[in-house]
Amino acid sequence: MAGINLLTLLDDITTLLDDIATMSKVATKKTAGVLGDDLALNAQQVTGVTADRELPVVWAVAKGSFLNKAILVPGALLISVWLPWLITPLLIIGGLFLCFEGAEKVFARFLPHPEKEADESQQLDPAEYEKQKVKGAIRTDFILSAEIIVITLGTVTGATLVNQALVLCVIAVLMTIGVYGLVAGIVKLDDAGLYLLNQSKVSANKFKEMLGKGLLAAAPRLMQFLAFAGTVAMFLVGGGILSHGIELLHHWQLEVITIGKSLLNGTGETLAPLIFDGLLGVVAGLCIVILHLVWSKLTNPKY
């Protein structure tokens, strides 16, 4: 009898694991787009940090990301049970914040304030600068992680609470390890190139020399691209959250998709929502930045 009960238990566990694996696979596919944005944004956040501090910064942000998800997973489960209507407004606030951050970066790029930047560079020592980068990266990660968690939750709404919790935990761990493992690899490309170049001098290996030079040449360009892609990702993700969370904007997006499909068929259907979300993110971000500047001028004339 005990043996039969044990076999029944093992069968139940196997079925549960199979269900979790299936649901996790579906959730991973649906969150893959956000994962790409998360990668670009976090790789961007490490730019400007000295080479010897890159991995410690990535590790510090990764720990912050795990903490974010440790808060978000139980929080999402509780909200889905007790306050399901609150998920969308919270996501919209997060989306607006991403748009604001993206627009702020654009303003800083094209409308710099030399005096203010000079004062800040004099006031901040490297340790404080690093701390601010980590805080900024963890803050951005929190919003992207929230979207990943909510998307995952949407794929398992019909499952039991236990299955929902397990799938959310699996996705949270896999996404965090995947993103920050890749970020760590990207930021150390130049070190890998330098290592191969030094090894080629010892072994006279032409392949290592070519590969090392290629990595050294590619690393700064990749980081520049990721810095650009990270800003674009802020607008795309922020605009996407707004267009899916606000019914009127979602209706406009569907109309734009219809027009895009009629003009360019499948290509238009794919590009239309991206263009719509991106432009929406830019407009929303610029509006918030302008409001922030006006408010700052009114409250602090020296700003």
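Look up a bit, the structure's there.
Structural notes, computed from the coordinates. (Residues numbered from 1 in each chain as written. Predicted model: local features only at pLDDT ≥ 70, side-chain atom pairs only at ≥ 80, totals over all residues. Heavy atoms only, no water.)

Before going further, it helps to examine the overall build of the chain. Secondary structure summary: the chain contains 10 helices and 0 strands in total. Helices (α) and strands (β) of the chain occur, in sequence order from the N terminus, as α-α-α-α-α-α-α-α-α-α. Looking at the chain as a whole, 36% of its 303 residues qualify as buried. The contacts in the chain between residues at least 6 apart in sequence include a share of 79% that link residues at least 24 apart. As presented, the chain carries roughly 17600 Å² of accessible surface, and 71% of it is formed by carbon and sulfur atoms. (Helix = DSSP H or I, 4+ residues; strand = E, 2+ residues; numbered from the N terminus. Buried < 20%, exposed > 50% of the residue type's maximum accessible area, 1.4 Å probe, protein only. Contact = heavy atoms within 4.5 Å. Areas by Shrake-Rupley, 256 points an atom, 1.4 Å probe, with all protein chains shown as cover.)

Moving on, we get to unusual backbone geometry. Located in the positive-phi region is Asn265, a residue other than glycine, with phi close to 55°. Along the chain, Asn265 falls in helix α10 (residues 247-299).

Two measures define how a pair of helices packs: the angle their axes make with one another and the distance between the axes. Between helix α3 (residues 54-82) and helix α6 (residues 126-155), whose axes approach to 8 Å, the crossing angle comes to 35°. You can see that α3 and α6 cross each other, and the crossing is right-handed. Two secondary-structure elements touch here, α3 through Val57, Ala60, Val61, Gly64, Ser65, Asn68, Lys69, Leu72, Val73, Ala76, Leu77 and Ser80 and α6 through Glu130, Val134, Ala137, Ile138, Asp141, Phe142, Ser145, Ala146, Ile149 and Leu153. In the contact of α3 with α6, the residues fall into 14 nonpolar, 5 polar and 3 charged. (Axes fitted to C-alpha atoms, helices over the stretch in contact; angles between N-to-C directions. Left-handed = near helix turned anticlockwise from the far one by under 90°. Nonpolar A, V, L, I, M, F, W, Y, C, P; charged D, E, K, R; others polar.)

In this section: the packing of aromatic side chains. The description of two aromatic rings rests on the distance between their centres and on the angle between their planes. Enumeration according to the criterion identifies 1 aromatic pair in this entry. Judged by centre distance (6.3 Å) and plane angle (45°), the rings of Phe97 and Phe100 are tilted. Separated by 3 residues within a single helix, Phe97 and Phe100 lie in helix α4 (residues 87-110), roughly one turn from each other. Assessed through its relative accessible area of 13%, Phe100 is described here as buried. (Phe/Tyr/Trp six-rings, centres within 6.5 Å; stacked < 30°, edge-to-face > 60°.)

So, on to the pattern of salt bridges. Applying the stated rule across the entire model yields 5 salt bridges. One salt bridge connects Lys69 with Asp141, and the closest N-O pair in it is separated by 4.0 Å. You can see Lys69 sitting in helix α3 and its partner Asp141 sitting in helix α6, a full 72 residues away along the chain. Neither residue differs from the other here; Lys69 and Asp141 are each classed as buried. One salt bridge in this structure joins Glu209 and Lys213, with 3.1 Å as the shortest N-O distance. Here Glu209 and its partner Lys213 are both found in helix α9 (residues 206-245), 4 residues apart, which amounts to about one turn of the helix. Residue Glu209 is classed as partly exposed on the basis of its relative accessible area of 23%. By sharing partners, the salt bridges in this structure join Lys206, Glu209 and Lys213 into a single network. (Salt bridge = Lys/Arg side-chain N within 4 Å of Asp/Glu carboxyl O.)

We now examine the packing of helix α8 (residues 189-203) against α9. At a minimum axis distance of 7 Å, the contact between α8 and α9 shows a crossing angle of 160°. Relative to α9, α8 is oriented roughly antiparallel. Once α8 is placed against α9, the crossing between them reads as left-handed. From α8, Leu189, Asp190, Ala192, Gly193, Leu194, Leu196, Leu197, Gln199, Ser200 and Ser203 reach across to α9, where they touch Lys208, Glu209, Leu211, Gly212, Lys213, Leu215, Leu216, Ala219 and Leu222. (Parallel < 35°, antiparallel > 145°, perpendicular 65-115°, else oblique.)

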